[in-house]
Amino acid sequence: MASQRRKRGESRVIRYIILGSWAVFCIAPVLWFLSIGFRPRTEIITPQPIYWPTFSLDAWHMIWSDWPMASYLRNSVLAIIGSVIIDLVLAIPAAYALSRYRFRGREDIGFYILSTRMMAPAIVAIPIFFLFRNMGLLDTIWALMLIYAAVNLSIVTWIIRSYMMDIPKELEDAARTDGASDLRILWEIIIPAVLPGIITAAVIAAIFAINEFLFTLLIASTKNAYTMSVALANFTGGSDGLIYNAIALVAFLAFVPVFIVVVAIQKHLSRGLTMGAVKG
Amino acid sequence: MTELSPNLSGAAKAAPAIRRRSKRMRAAFPYLLLTPAVLYLLMITLYPGVYAIYQSFFLVRFNSWTYIGFQNYIDLWNDREFWAALWNTLVIGSVALTLQCLLALTLAYHAYRDPWIKGWRIIFLVPMLFMPSAVAFMFKLAFMDARVVADLLMRVGVIENNIGWASSTFLSRMILIVADVWQWTPFLFIIFVAALQSQDEEVEEAARLDGASWFKIFWNISLPLMRPVIAVALVLRGIDITTMFANVFIITKGGPGGATETISYFIYRTGFKTFNFGYASAASVVMLILTVIIAQLVVKRAFHSGRE
């Protein structure tokens, strides 16, 4: 009994060592990068790395005065909101059909939607580039909106579909015998019931849209369409190379809202990330 | 009488007609609901696919297109850089994926029933909440520009002199792998924890009362139950790793000597750096075919077993 207890105590110590060292591995680079954001440029790339820098708000002033940071921010926010709205408008009816109806080709259509998630951006990059060029949409947030929505549509549809499948059939049947139409059932019963799923899908789509890099790189060429993700590569000072304190600061500016919404939907996160395959 | 009868018969006919139409309507309804989403997705899959196939038969020089048949594909077959890109993608991807899967399993195994860890779990998620481009710059700075990693290793005494990360095939690949493992192990971790938590605690309890060790329980009971979840998670992660672009673009630019050029970067470079669009499209088509094959073989199965 005593030895068993000691054994469990030992395994507890090992457990905390393993988890603790991983936590340090996760957090230490982040703290160091945060310190980059609040130090003067002269203390970033030095012959000997500086671990205790002087505190400075240089980067903060720089991003607003030397670069159109307000435009980057606006582009990111508008493109993300627009793309999430497009996704929800398209995905909710699609998910409703895939989850609540039996019809021929259901599995195949569902799998087709899922399979677009596997399309490497690089495969479609060139045709999409020419498509937007011909439409005159290069370097606009409209193009970003459309492409972010397209990239995330499969995820959003599958997440919402997964939540809709959990709703008991009786709920729907009761409303149907009362004579409610299918669209009214969707609007008044299904959507309120899967609201957590819809929010989860929207949050995950928004995060992926913030992160998107390749399409944005091809579409954006001026401050008209640069988002934060791609604008990072623009924080250069000509011959001085990259201006890392500005990069770090913007990285954290984007991180904070993402962190807050993820904490809020933490319970649904694993289900959302696996597109509904795991019910956490 | 004569005036009434058409009305009557009309009304009598109308009822079944409406019912018939609404029946057809009902059958079409789910398709109608799906149409907008499917059309939208065809726009970014079918249209670009057809466009890329068409363009791959041309030599594209700005606005002049010259038909050259299969020449782009023949060139591709003989292009050592293309094969190298496929190989690099495979090497970097498989090492990174294996590492993060093993790490995430170990961490999830230790974390999932620990109430104290539960409150702090968000710490483990922090890396994946940064923009990938930001993480790429962070690692570029840490390894290359500020040389912090080399400095720390020298202080600990692991190495004697500074390291030329960028000039070594092994080390530059390793930076990409470390960056990916750092950022995305949390993705697998959170999924594995959720899967472990949703398992029946009583089975574990029974096995424990029979004297089975924690590890035995994990290996013989929990892990087999997790197989479908692991399959789905690895498929999703595998897709993202094989399409890795931002890290290559920012950290290594494909160097040294193409040792870290992934297939995505190869397509980007031939298309948008050397403007050889026909050739890049041919590479896209090859990648598209590989994707479709893998999708049919692996992904369909993973998501079918993972669903319930």
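Residues numbered from 1 in each chain as written. Chains lettered and ligands numbered in written order. Predicted model: local features only at pLDDT ≥ 70, side-chain atom pairs only at ≥ 80, totals over all residues.

(A) How the structure looks around the domain arrangement of chain A. Residue and element names in this part refer to chain A. The domains assigned to chain A are domain 1 (2–58) and domain 2 (59–273). The C-alpha-based centres of domain 1 and domain 2 are spaced at 32 Å. Each partner contributes to the interface: domain 1 provides nine residues, whereas domain 2 provides eleven residues. For the side of domain 1 that touches domain 2, the element with the most residues is helix H1 (residues 2–37), which contributes four residues. (Domains from an automatic or database assignment. Contact = placed C-beta atoms within 7 Å. Helix = DSSP H or I, 4+ residues; strand = E, 2+ residues; numbered from the N terminus.)

(B) How the structure looks around helix H8 (residues 182–193) of chain A. All names here are of chain A. Residues of H8 that are buried: Asp-182, Ile-185, Leu-186 and Ile-190. Along H8, the residues classed as buried sweep out an arc of 100° about the axis, all on the same side. The outward face of H8, more than 90 degrees from its buried face, is lined by the exposed residues Glu-188 and Pro-192. (Buried ≥ 20, exposed ≤ 12 C-beta atoms within 10 Å, placed from the backbone. Arc of directions from axis to C-beta.)

(C) Examining unusual backbone geometry more closely. Residue and element names in this part refer to chain B. With phi around 55°, Arg-147 is a residue other than glycine that occupies positive phi space. With respect to the helices and strands, Arg-147 occurs in the loop between helix H5 (132–145) and helix H6 (148–156). A positive phi angle is found at Phe-275, which is not glycine, with a value near 55°. Considering the arrangement of structural elements, one finds Phe-275 in the loop between helix H11 (263–273) and helix H12 (277–307). Taking the number of C-beta atoms within 10 Å as the measure of exposure, Phe-275 has 12 and is therefore exposed.

(D) Summary view of the nonpolar core. Among the nonpolar cores identified, the biggest contains 183 residues, and Ile-160 and Ile-247 of chain A together with Ile-191 of chain B are the most heavily contacted of them. The dominant element in this core, judged by the number of residues it contributes, is helix H6 (residues 141–165) of chain A, at 18 residues. Residues contacting Ile-247 of chain A, with those up to four places away along its chain left out, are Leu-232, Phe-235 and Leu-242 of chain A together with Phe-137 of chain B. (Core = buried A, V, L, I, M, F, W, Y, C linked by C-beta atoms within 7 Å.)

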